[in-house]
Amino acid sequence: MERTLKLNNIREAQELFGRQDKNLKIIEHELNAVISARDDTVKIKGSKKNVDKACSVIEGLLALVREGRGLDKEDIHFLLRSFKNPSARRKTAHLSPVEIGASLKGRVIGPKTEGQREYVEAIRRYDLVFGMGPAGTGKTYLAMTMAVDSFKKGEVNRIILTRPALEAGEKLGFLPGDMVEKISPYLRPLYDALYDMMDAEKIEKYIETGTIEVAPLAYMRGRTLNDAFIILDEAQNCTVEQLKMFLTRLGFDSKAVITADPTQSDLPGGKPIGLLKAQEILKDIEDIKFIYFSGADVVRHELVQKIIEAYEKAGAKE
């Protein structure tokens, strides 16, 4: 079977094909189809099933190009996975992307799955959101994007990043440096996302003035956090008492996002996980939203999704 796709112009073709047609070569290899490109025309040959899948992926990429989004490997592999795996396809949100920010390199940032879209919309609508699920689902990255976006729009006056420093028992005095330097290793994922969206000099200035605050969870005790966007990361490592303490810090005109992977708790054996207790206690409060991600929301390497699914199957058998 052979199908031909006509593009609007050469610019579209350049964006879609990639340098030396690398994007098309990835699709060709993954879907076992023969793809040839010339000027503003793409021809796909192969079995009907593979040609249909290849066309769907290319059309999905074209939709992103036509909305001004630069393509990267993540987009291509995610679309490939969604059309190769019917269960993942139902979770795909790429055909109607929502822009919530942009990286310093100009890459548009937005939800790529229905789970991520629900998460972003929940953060917009609710002052307290729990985002729970496996690694690679964008919990932390999207929360940081929303925090930076709110800050730039003047909706909040500061960003507060916190995480339980479990490995140090929250007694960080023996580590070298000031408080920020002590806690930085435990907040690296938050820093990585932050530096992807804001200029490094601005970040350093904001940290110095307290506009962006980085602190271990223990330092939240006794405070009231007003006019802030607060992210508590790795909340599966919070005890019942710690999480209750954090939840009662929320002040006026503030928003909090709590991210966690309940399957990855490092709390000592036998110690109750605060996150599970909070779910039980807070489930009937309408102004709090719980978002649950699954392996279908993973937008990292395709192997990550397979690994998560394998562990879920193994857990179900135990």
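Bear in mind the structure is a predicted one, so any value in this text is a computation, not a measurement.

**Q** How should I be thinking about helix α10 (residues 200-209) in this particular structure?
**A** A turn of α-helix holds 3.6 residues, and therefore any two residues three or four places apart point the same way. At the N-terminal end of α10, a side-chain oxygen is found 3.1 Å from the backbone nitrogen of Glu 201, two or three residues along, and the residue is Asp 199. Looking one or two residues past α10, Gly 210 carries a phi angle of roughly 85 degrees, positive in sign.

**Q** Mind showing me how you'd approach the nonpolar core here?
**A** Side chains of a nonpolar character, in soluble globular proteins, are inclined to be buried together. Judged by nonpolar contacts, the single largest core of 34 residues is most densely connected at Tyr 119, Met 144, Leu 161, Leu 194, Phe 229 and Ile 231. When contributions to this core are tallied by element, the ones reaching two or more residues are α6 (114-125), α7 (139-152), β7 (158-163), α9 (188-197), α10, β8 (212-216) and β9 (228-232). The greatest single-element share of this core, amounting to seven residues, is contributed by α7. In contact with Tyr 119, other than residues within four places in its own chain, are Val 129, Gly 131, Gly 138, Lys 139, Leu 142, Ala 143, Val 257, Thr 259, Ile 291 and Phe 293. Listed in part, the 24 residues of the second largest apolar core include Met 132, Cys 238, Leu 243 and Phe 246.

**Q** Help me understand the sheet that holds strand β3 (residues 41-45) in this model?
**A** The strands that make up a sheet are held in pairs by hydrogen bonds between backbone atoms, and each pair lies either parallel or antiparallel. Read across the open sheet, the three strands follow the order β1-β3-β2; overall the sheet is antiparallel. Strands at the two margins of the open sheet, each flanked by one partner only, are β1 (2-6) and β2 (34-38). On average, adjacent strands in this sheet sit at an angle of 15 degrees to one another, irrespective of strand direction. Judged from the five bridges that link them, β2 and β3 form a sheet pairing that is antiparallel. Across the sheet, residue Ile 35 finds its bridge partner in β3, namely Ile 44.

**Q** Is there a simple way to think about the packing of helix α11 (residues 240-247) against helix α12 (residues 274-282) in this case?
**A** In a pair of packed helices, the angle between the axes and the distance between the axes together describe the arrangement. As a packed pair, α11 and α12 sit with axes 8 Å apart at the nearest point and diverge in direction by 55 degrees. By the angle between their axes, α11 is oblique relative to α12. Crossing geometry of α11 relative to α12 is assigned as right-handed. Only Gly 274, Leu 275, Lys 277, Ala 278 and Leu 282 of α12 make contact with α11, whose side of the interface consists of Val 240, Leu 243 and Leu 247. Taken together, the residues of the contact of α11 with α12 sort by class into six nonpolar, one polar and one charged.

**Q** How should the environment of Ile 307 be read in this particular structure?
**A** Position of Ile 307 relative to the elements: it lies in helix α13 (residues 302-317). Distance in space between the C-alpha atoms of Ile 307 and Gly 295 is 9.0 Å, their sequence separation being 12 residues.

**Q** Would you mind going over unusual backbone geometry with me for this structure?
**A** Among all residues except glycine, the phi angle is most often negative; among peptide bonds, the trans geometry is most common. One non-glycine residue, Asn 32, lies in positive phi territory at about 55 degrees. Mapped onto the elements of the fold, Asn 32 is located in the loop between α2 (22-31) and β2. Even without being a glycine, Glu 234 presents a positive backbone phi close to 55 degrees. With respect to the helices and strands, the residue Glu 234 is situated in the loop between β9 and α11. A relative accessible area of 24% means that Glu 234 is categorised as partly exposed.

**Q** I tried to follow the packing of aromatic side chains on my own but got confused; where do I start?
**A** Two numbers describe a pair of aromatic rings. These are the distance of the centres and the angle of the planes. As enumerated under the stated definition, the model contains five aromatic pairs in all. Between Tyr 191 and Tyr 195 the ring centres are 6.2 Å apart and the planes differ by 35 degrees, which places this aromatic pair in the tilted class. You can see Tyr 191 and its partner Tyr 195 sitting in helix α9, four residues apart, about one turn around the helix. Between Phe 290 and Tyr 292, the ring centres sit 6.4 Å apart and the planes meet at 15 degrees, which makes this aromatic pair stacked. Owing to a relative accessible area of 14%, Phe 290 belongs among the buried residues under this scheme. Aromatic ring contacts, followed pair by pair, group Phe 130, Phe 290 and Tyr 292 into a single cluster.

Basis of the calculations
Residues numbered from 1 in each chain as written. Predicted model: local features only at pLDDT ≥ 70, side-chain atom pairs only at ≥ 80, totals over all residues. Heavy atoms only, no water. Polar contact = N/O pair within 3.5 Å; in protein donor to acceptor, adjacent residues only side chain to side chain. Helix = DSSP H or I, 4+ residues; strand = E, 2+ residues; numbered from the N terminus. Core = buried A, V, L, I, M, F, W, Y, C linked by side-chain atoms within 4.5 Å. Buried < 20%, exposed > 50% of the residue type's maximum accessible area, 1.4 Å probe, protein only. Contact = heavy atoms within 4.5 Å. Pairing = 2+ DSSP bridges. Axes fitted to C-alpha atoms, helices over the stretch in contact; angles between N-to-C directions. Parallel < 35°, antiparallel > 145°, perpendicular 65-115°, else oblique. Left-handed = near helix turned anticlockwise from the far one by under 90°. Nonpolar A, V, L, I, M, F, W, Y, C, P; charged D, E, K, R; others polar. Phe/Tyr/Trp six-rings, centres within 6.5 Å; stacked < 30°, edge-to-face > 60°.

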